[in-house]
Amino acid sequence: MPAVQETIDRVRSIDIDQYKYGFETVIEMEKSEKGLSEDVIRFISAKKNEPEWMLEWRLDAYKRWLTMKEPEWARVDYDKVDYNDIYYYAAPKRKGPESLDEIDPEILKTYEKLGIPLREVEALEGIAPERRVAVDAVFDSVSVATTFKKELEKAGVIFMPISEAIREYPDLVKTYLGSVVPVTDNFFATLNSAVFSDGSFVYIPPGVRCPMELSTYFRINERDTGQFERTLIIADKGSYVSYLEGCTAPKRDDNQLHAAVVELVALEDAEIKYSTVQNWYPGDNEGKGGIYNFVTKRGDCRGARSKISWTQVETGSAITWKYPSCILRGDDSRGEFYSIAVSNGMQQVDSGTKMIHLGKNTTSRIISKGISAGRSQNTYRGLVSAHKKAKGARNFTNCDSLLIGDQCGAHTVPYIESKNASAVFEHEATTSKISEDQKFYCQQRGLSEEEATALIVNGFVRDVLQQLPMEFAVEAQKLISISLEGSVG
Amino acid sequence: MLEIKNLVVQIEDNRILNGLNLTVNDGEVAAIMGPNGSGKSTLSYVIAGKEDYEVLDGEILLDGQNVLEMAADERAAAGIFLAFQYPLEIPGVGTMTFLKACLNAQRKARGEDELSTPDFIRAVNAAADKLEINKEMLKRALNVGFSGGEKKRMEILQMALLQPKFCVLDETDSGLDIDALRIVSEGVNALRAQGRSFLVITHYQRLLNHIVPDTVHVMSKGQIVKTGGKELALELEASGYAEYRTSEAA
């Protein structure tokens, strides 16, 4: 049937190499010397006008890092990173902006292209003014703008680049930085502790419901740089915050390293909702280029009845190594992890979560949806553990994998450890393939092959998409279908 | 309406249809009966455009246009509808979402405007009432957890909504109890009209008591071996398929 052959050819001609955020912005950058040394760390710290204690913290981390080995247990295979061939600091040359007007127009243009409403005016009078989001945008190593700062101040919310917080709120930073992800936690987190250059800091005072969604946008622009942002969010007693994170990077033939650390602290009755749409450049169809995304994200439900919820939609990166986790320390606290991980082309994903039940009657819920297409490999790795005192701990885990085509792989590696007889852990897992029969059924009703695939995939990820804030959900849905373009036929 | 000429089809070197000829006129309800393995389901899939089958020779003309050159979704937009013997489940996709996506895809392919949401909902509700499909069912994921009878009623609902020209019913009666059979048949009968033809594939005469055909064809070994009026179905019910199973197709 000629028409069918045509369809196949057309589909084959589309490859995943259509990364629409893959442009580069030409601006003058100031960089540290290549490679890592005490001098480079001192340079970064000096650039940030950091107090002595921060420098010491970094240097300790660096010394520790020198003794550590890169982890190899994940189901990913990549050329090892040459840590001496990376710039650990890169910043636009013009001085840090006092107000939005002082930001380099080239950077503003970049964010405009990415659809980030940096200018408050634009955000206020923009196309979709009904929902406002405060944005902190991180361009390579530095935070270039934080919008809605004044309005947040009125509510008592602190939302600023972490480099500023170190200077302005040293006590808060000292108390919480490294308290969830210790400096010694793992190879990448320790590296981050030594060299992190910027990221966001959020503090929500007791009883305050943050008046708007907070958002960070990360952008890697400069060649051969690593991005090592550090995010710290503290929700004080009875407060609530919803935080969104998005990421992009230019297309490049070589691999770039992204090793971030995110720490969340929820005190008594506080709730943090953290959503990520990760769309780093995944490399081309043959696996050339792309971001190595080695990220440590952890939330500490420190107070009783606190709640932390991670929602992630991961479609980018060449290699993903990421396990947003919850430590359920407070009694009756709750952790949630909702994840959609899409892999296509030659992408490799090893992602999942850890739910560590320490307090009494703690509950957790894990819903993970892995979608593999092309020649990609997609692994869910999760740990649920109950410690001796975690009386009445409960977990429900549901891991579903969907395969598109016959050259990809899906793997599920759940670990369950229970030291308390009263803990109840449930685990469900399925692996399915979009069947030709399902596709034919949809096509018989008038949907094209790609529409049919998108519909079936959207059905598969529905439970998780529902967890995302509205406009993010729409974006995520689009992203998933773009990521899967060329995966049928 | 539909004309099949010398259709030869194989799957994995296995010849299923051997030069099949069949004509269904405008407004006609044609029944195809025949023993297991005679190629009835293959015929329905080949008309609808399933890809697993290799068409070696012949034509399928819908209003003179050869549909063999069209993809399954193009055939759907051209008016071919297949009510599946085993309707597929689509987890997570709400029935209404599915119906709307399909209807609008077909309208778009034909260059028509999308149906507005209120009009769409009205159309679905009207069709659902006739088929005694309750609203709760429409809120669930398509066919997931539906009983056999519910799935078949959902097929007819889709048919009513999409208003196809040429409807193929592949053993729609299988798995239906008496009441469901009556509801489904009434649904089909309500759609009988000038400008719409049906090909009803079944093993049993009982469906044809409800959906009374204009013509009955007997299929054996990939060919139509006998054609008659509705009385032919009664004869088959009495004599069985033994004659057609043993005799070599001419």
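Values in this document were obtained by computation on a predicted structure and should not be read as measured data.

### Thoughts on the overall build of chain B
Helices and strands together make up the secondary structure of chain B, namely 10 helices and 10 strands. Relative to the 2.2 N^0.38 estimate, which gives 18 Å for 250 residues, the radius of gyration of chain B is 18 Å and therefore close to what a compact globule would have. Looking at the 250 residues of chain B, the share that counts as buried comes to 44%. Across chain B, every contact between residues at least 6 apart in sequence was considered, and the portion connecting residues at least 24 apart equals 72%.

### Quick word on the overall build of chain A
The helix and strand tally for chain A stands at 12 helices and 23 strands. The proportion of buried residues among the 489 residues of chain A is 55%. A separation of at least 24 residues holds for 83% of the contacts in chain A among residues at least 6 apart in sequence.

### Considerations on unusual backbone geometry
The backbone phi angle of Asp332(A) is positive, close to 60°, even though this residue is not glycine. With respect to the helices, strands and loops of the structure, Asp332(A) is situated in the loop between strand E16 (325–328) and strand E17 (334–343). At Asp63(B), a position not held by glycine, the phi torsion is positive, near 50°. Along the chain, the position of Asp63(B) falls in the loop between strand E4 (54–62) and strand E5 (65–66).

### Here we look at the pairing of strand E10 (residues 223–228) of chain B
All names here are of chain B. In this structure, strand E9 (residues 215–220) lies alongside E10, joined through five bridges in antiparallel fashion. The partner of Val-216 across the bridge, within E10, is Gly-228. Between E9 and E10, which pair antiparallel and follow one another directly, the connecting turn spans two residues, one of which, Lys-221, has a positive phi of 50°.

### Brief notes about helix H7 (residues 178–191) of chain B
All names here are of chain B. Its 14 residues place the ends of H7 20 Å apart at the C-alpha level, agreeing with the 20 Å of an ideal helix rising 1.5 Å per residue. The complete set of buried residues in H7 reads Leu-181, Ile-183, Val-184, Ser-185, Gly-187 and Val-188. On the buried face of H7, the contacting elements are helix H4 (117–130), helix H6 (148–162) and helix H8 (206–210).

### Brief notes about the sheet that holds E5(B)
Residue and element names in this part refer to chain B. An order of E2-E1-E4-E5 is seen for the four strands of this open sheet, with the pairing classed as antiparallel. Every interior strand has two partners, whereas the edge strands, strand E2 (14–24) and E5, have only one. Here strand E1 (residues 2–11) pairs with E2 via eight bridges, running antiparallel. Paired with Ile-4 across the bridge in E2 is Leu-22. Relative to E2, helix H1 (residues 40–48) is tilted by about 70°, and along the sheet it contacts E1, E2 and E4.

### Regarding the packing of helix H3 (residues 52–66) of chain A against helix H9 (residues 187–195) of chain A
Residues and elements named next belong to chain A. Look at H3 against H9: their axes get within 7 Å of each other, and the N-to-C directions meet at 145°. Seen from above, H3 lies across H9 with left-handed handedness. Between H3 and H9, the residues in contact are Arg-58, Ala-61, Tyr-62, Arg-64 and Trp-65 and Thr-190, Leu-191, Ser-193 and Ala-194, respectively.

### Remarks on the nonpolar core
One recurring pattern in soluble globular proteins: nonpolar side chains tend to sit buried together. One finds Val202(A), Ala235(A) and Ile272(A) to be the most contacted residues of the largest nonpolar core, which totals 188 residues. Other than its neighbours up to four places away in sequence, Val202(A) contacts Ile158(A), Phe159(A), Leu214(A), Ile233(A), Ile234(A), Val241(A) and Tyr243(A).

### Focus: the interface of chain A and chain B
Between chain A and chain B, the contact holds 22 residues from the first and 26 residues from the second. Elements with a minimum of two residues in the side of chain A that touches chain B: helix H1 (2–13), helix H10 (436–444) and helix H11 (449–465) of chain A. The element contributing the most residues to the side of chain A that touches chain B is H11(A), with seven residues. For the side of chain A that touches chain B, the residue count by class is 10 nonpolar, eight polar and four charged.

### Some remarks on the environment of Lys307(A)
Residues and elements named next belong to chain A. Note that Lys-307 resides in strand E14 (residues 307–314). In this structure Lys-307 comes out as buried when scored by C-beta crowding, with 23 C-beta atoms within 10 Å. When neighbours within four sequence positions are excluded, Lys-307 is seen to be in contact with Ala-266, Glu-271, Cys-301, Ser-333 and Arg-334.

### Topic: the sheet that holds strand E6 (residues 80–83) of chain B
What links the strands of a sheet is backbone hydrogen bonding, and the strands pair in either a parallel or an antiparallel sense. Residue and element names in this part refer to chain B. Taken together, the six strands give an open sheet; going across it, the order is E6-E7-E8-E3-E9-E10, and neighbouring strands pair in mixed fashion. Of all the strands in the sheet, just E6 and E10 have a single pairing partner and so form its edges. Neighbouring strand axes in the sheet, compared pairwise and without regard to direction, differ in orientation by 20° on average. Strand direction decides the pairing type here: strand E3 (residues 29–33) and strand E8 (residues 197–202), joined by five bridges, are parallel. Counted as the bridge partner of Met-33 is Thr-202 from E8. Across the sheet, H1 is in contact with E3, E6, strand E7 (166–170), E8 and E9; its angle to E7 comes to roughly 145°.

### A look at the environment of Val200(B)
All names here are of chain B. Here Val-200 shows up in strand E8. Under the C-beta neighbour-count criterion, Val-200 is labelled buried, with 24 such atoms within 10 Å. Linking Val-200 and Asp-173, residues 27 residues apart in sequence, is a C-alpha distance of 9.9 Å.

### Regarding the confidence of the model for chain A
All names here are of chain A. For chain A, mean pLDDT is 80; residues scoring 70 or higher make up 77% of the total. Confidence drops under pLDDT 50 across residues 1–17; counting only partners more than four residues distant or on other chains, this segment forms 30 contacts. For the stretch residues 119–131, pLDDT sits under 50, and the model shows 11 contacts to residues farther than four places along the chain or on other chains.

### Structural notes on the pairing of strand E13 (residues 290–301) of chain A
Residues and elements named next belong to chain A. For E13, the buried fraction is high: 12 of the 12 residues fall into the buried class. Sheet topology note: the strand E11 (residues 261–266)/E13 ladder contains six bridges and is parallel. The residue bridging Val-265 from the neighbouring strand is Asp-300, located in E13. Bridge count between E13 and strand E15 (residues 319–322): four bridges; the pairing is parallel.

### A closer look at the confidence of the model for chain B
Averaged over all residues, the pLDDT of chain B is 91; the fraction at 70 or higher stands at 98%. Confidence metrics for the complex model read pTM 0.77 and ipTM 0.94.

### With respect to H3(A)
Residue and element names in this part refer to chain A. With 15 residues, H3 should cover 21 Å at 1.5 Å per step; its first-to-last C-alpha distance of 21 Å lies within 8% of that length. For H3, every residue scored as buried is listed here: Trp-57, Arg-58, Ala-61, Tyr-62 and Trp-65. All buried residues of H3 lie within an arc of 135° about the axis, which places them on one face of the element. In H3, the exposed residues that point more than 90 degrees away from the buried face are Glu-52, Trp-53, Glu-56, Lys-63 and Leu-66.

The rules we used
- Residues numbered from 1 in each chain as written.
- Chains lettered and ligands numbered in written order.
- Predicted model: local features only at pLDDT ≥ 70, side-chain atom pairs only at ≥ 80, totals over all residues.
- Helix = DSSP H or I, 4+ residues; strand = E, 2+ residues; numbered from the N terminus.
- Rg over C-alpha atoms; globule rule 2.2 N^0.38 Å.
- Buried ≥ 20, exposed ≤ 12 C-beta atoms within 10 Å, placed from the backbone.
- Contact = placed C-beta atoms within 7 Å.
- Pairing = 2+ DSSP bridges.
- Expected span 1.5 Å × (residues − 1).
- Axes fitted to C-alpha atoms, helices over the stretch in contact; angles between N-to-C directions.
- Left-handed = near helix turned anticlockwise from the far one by under 90°.
- Core = buried A, V, L, I, M, F, W, Y, C linked by C-beta atoms within 7 Å.
- Nonpolar A, V, L, I, M, F, W, Y, C, P; charged D, E, K, R; others polar.
- pLDDT = per-residue confidence, 0-100.
- Arc of directions from axis to C-beta.

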